[in-house]
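# Report on the structure
These are the residues of each chain, in order.
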Amino acid sequence: MYRLSKNIAVVLVAAGLLCSCSVKRLNVDKNIAYCKKQAFRTLADVPGDLPNIPRNIKDEAGNWRYVNYKDWTSGFWPGTLWYLYEATKNDSLKKEAERFTSELYNLSVEPAFDHDLGFQVFNSYGHGYRLAGDEEYKKIVLRTADTLATLFNPKVGTILSWPRSVPNMDWPQHNTIIDNMINLELLFWASKNGGTKGLYDIAVKHAETTMLNHFRKDYTSYHVVVYNKETGKRIKQVTHQGYADDSMWARGQSWAIYGYTMVYRETRDERFLDFAQKVSDVYLDRLPEDLIPYWDFNAPDIPDAPKDASAAGVVASGLLELSTFVKDEAKAKRYREVAEKMIKNLSSAEYQSREKNSAFITHVTGHKPNGTEIDTSINYGDYYYIEALVRLKKLQQAKSIYENL
Ligand code: GLY
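Structural notes, computed from the coordinates. Fair warning: this is a prediction, and the values are worked out from it, not measured in the lab.

Let us look at helix α8 (residues 197-213). With 17 residues, α8 extends 25 Å from end C-alpha to end C-alpha; this agrees with the ideal 24 Å at 1.5 Å per step. Within α8 the residues assigned to the buried category are Leu199, Ile202, Ala203, Val204, His206, Ala207, Thr209, Thr210, Met211 and Asn213.

This is the structure we're talking about:
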């Protein structure tokens, strides 16, 4: 009997080791090399005229649709090139990153069109400053943070995400979307790098107000909250890109996971660390087996509903960071391992675009209710995938994810 259970124990330990080895075996360099090859394919195709920033694959032939600097996704392509430059030290990639970054300059001198300035300018000029140290880039990021701050409404305690009429948003009342959490990073960074303390305060206030109003009791996120712009009172909690007002839109929840992890990094306030884990756990508990979510966790046609691989990339990247903060070792290990499995699955033949088109990954869903960008490749899917690979490479080298490679 003892002998039998000892054998079982040996088998279990071996299985456990195999399991963790299979996660560790993910060859990050091979996947970065794949991304580099795909990026050069894309670069060979970009038009000589504007617009030339690849946003999404628009047809079966694998052609990109291009946008200009005003598009909310304009920073992801330069950001992707900066990450690839960081990982490969390839000078042509650096030149291309600089070229596409420079196209976003006007965002730093024009009034705010919406809250996406972080996605746009932090991912382009911000990475450029981190990796190339150009002081002009720093000034551009600082100016843009001040522009984003103009959208803050102190009566509400959040940034106005869409300063224009959007269906069902009771314009001219004040709307805030969960995606806005990511753009707080621009304010935190600016405040630490020569900007005012007020930028930090706005970011913290926005995160606090969002924590109070943007979540259901089970920690799943609403997409949009509409507030009375004069009294700050919450008017309603609705969706724009999700399946229903009370559903868990996958990318929305991913913005919450990544966002609250980042807010903890910047504030070291335990409330945010606790909250980051709560919004992560409800997401992880409801994932399908391959860890890549359907576009909305409540989509009525699951398992036939389209996936959103971009949410998986955002979450994988966020969980790698969260795993470095969580003090409970078993929980930290779980976050790290599940993030690695997500990256591994994104790196499989099922999710990499490979010969289908020159993006890195596919099965990304942008705006299902609108009928646009469904089950395709989109530049932010690639951006968070390469970010997750780069973060994992740093962790595998026992580096901090904030050190440059
Ligand atoms: N920020 C818009 C989106 O996640 O689709």
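All right, on to the packing of aromatic side chains then. Aromatic rings in a pair are described by how distant their centres are and how their planes are angled relative to each other. Enumeration according to the criterion identifies 26 aromatic pairs in this entry. Three or more aromatic residues joined by ring pairs form one cluster here, namely Trp72, Phe76, Tyr83, Phe119, Trp255, Tyr258, Tyr380, Tyr383 and Tyr384. Cation over ring: Arg271 sits above Phe272, and NZ or CZ is 5.0 Å from the ring centre. One cation-aromatic arrangement involves Lys307 over Tyr294; the distance from NZ or CZ to the ring centre is 5.0 Å.

Okay, the site of the ligand next. The environment of the ligand is formed by Trp72, Asp179, Gln241, Trp249, Arg251 and Trp255. Contacts to the ligand include Arg251, whose side-chain N or O atom sits 2.5 Å from an oxygen atom. One of the side-chain N or O atoms of Trp255 is found 3.0 Å from an oxygen atom in the ligand. Residue composition of the shell around the ligand, by class: three nonpolar, one polar and two charged.

A few words now on helix α9 (residues 250-267). Helical geometry note: an α-helix holds 3.6 residues per turn, so side chains three or four residues apart project in the same direction. Its 18 residues give α9 an end-to-end C-alpha distance of 26 Å, which sits within 8% of 26 Å, the value for a rise of 1.5 Å per residue. Buried residues dominate α9, accounting for 18 of its 18 residues. Phi for Arg268, located one or two positions after α9, is positive at around 55°.

In the contact formed by helix α11 (residues 309-323) and helix α13 (residues 379-396), the axes pass within 8 Å of each other and the chain directions differ by 25°. Here α13 runs roughly parallel to α11, going by the angle between their axes. Between α11 and α13 lies a crossing of left-handed hand. Of α13, the residues touching α11 (which contributes Ser310, Gly313, Val314, Ala316, Ser317, Gly318, Leu320 and Glu321) are Tyr380, Gly381, Tyr384, Glu387, Ala388, Arg391, Leu392 and Leu395. Here the residues of the contact of α11 with α13 sort into eight nonpolar, five polar and three charged.

Turning our attention to the pairing of strand β1 (residues 53-57). A regular strand places its side chains on the two faces of the sheet in alternate fashion. When you tally the buried positions in β1, you get five out of five residues, the bulk of the element. Alignment of β1 against strand β2 (residues 64-67), held across four bridges, turns out to be antiparallel. Residue pairing in the sheet places Pro54 in a bridge with Tyr66 of β2. Adjacent in sequence and paired antiparallel, β1 and β2 are bridged by six residues, among which Gly62 carries a positive phi angle near 85°.

Along the chain, Asp179 turns up in the loop between β5 (174-177) and α7 (184-192). For the buried residue Asp179, which engages in no salt bridge, the nearest side chain bearing the opposite charge is Arg251, 5.8 Å off. Among the polar contacts made by the side chain of Asp179, one reaches the side chain of His223 at a distance of 3.1 Å. If we ignore the near neighbours within four places in the chain, the residues touching Asp179 are His115, Phe119, His223, Trp249 and Trp255.

This part covers unusual backbone geometry. The omega angle of the peptide bond from Leu50 to Pro51 is -5°, so this bond is cis rather than trans. Here Pro51 is to be found in the loop between α2 (28-45) and β1. With a phi angle near 60°, Lys89 is a residue other than glycine that sits in the positive phi range. Structurally, Lys89 can be placed in the loop between α3 (76-88) and α4 (91-102). With a relative accessible area of 46%, Lys89 lands in the partly exposed category.

Here we take up the side chain of Asn153. Here Asn153 is to be found in strand β3 (residues 152-153). Every residue in contact with Asn153, bar those within four places of it in the chain, is listed here: Thr158, His174 and Lys229.

Within the largest apolar cluster, 119 residues are counted, with the highest numbers of intra-cluster contacts made by Leu184, Leu319, Met342 and Tyr384. Ranked by residues supplied to this core, first place goes to α13 with 10 residues. Those residues in contact with Met342, other than ones at most four positions away along the chain, are Tyr283, Leu284, Leu287, Leu291, Ile292, Ala312, Val315, Ala316 and Leu319.

Definitions and limits used
Residues numbered from 1 in each chain as written. Predicted model: local features only at pLDDT ≥ 70, side-chain atom pairs only at ≥ 80, totals over all residues. Heavy atoms only, no water. Helix = DSSP H or I, 4+ residues; strand = E, 2+ residues; numbered from the N terminus. Expected span 1.5 Å × (residues − 1). Buried < 20%, exposed > 50% of the residue type's maximum accessible area, 1.4 Å probe, protein only. Phe/Tyr/Trp six-rings, centres within 6.5 Å; stacked < 30°, edge-to-face > 60°. Lys NZ or Arg CZ within 6 Å of the ring centre and 35° of its normal. Near = heavy atom within 4 Å. Polar contact = N/O pair within 3.5 Å; in protein donor to acceptor, adjacent residues only side chain to side chain. Nonpolar A, V, L, I, M, F, W, Y, C, P; charged D, E, K, R; others polar. Axes fitted to C-alpha atoms, helices over the stretch in contact; angles between N-to-C directions. Parallel < 35°, antiparallel > 145°, perpendicular 65-115°, else oblique. Left-handed = near helix turned anticlockwise from the far one by under 90°. Contact = heavy atoms within 4.5 Å. Pairing = 2+ DSSP bridges. Lys, Arg positive; Asp, Glu negative; His and termini not counted. Salt bridge = Lys/Arg side-chain N within 4 Å of Asp/Glu carboxyl O. Core = buried A, V, L, I, M, F, W, Y, C linked by side-chain atoms within 4.5 Å.

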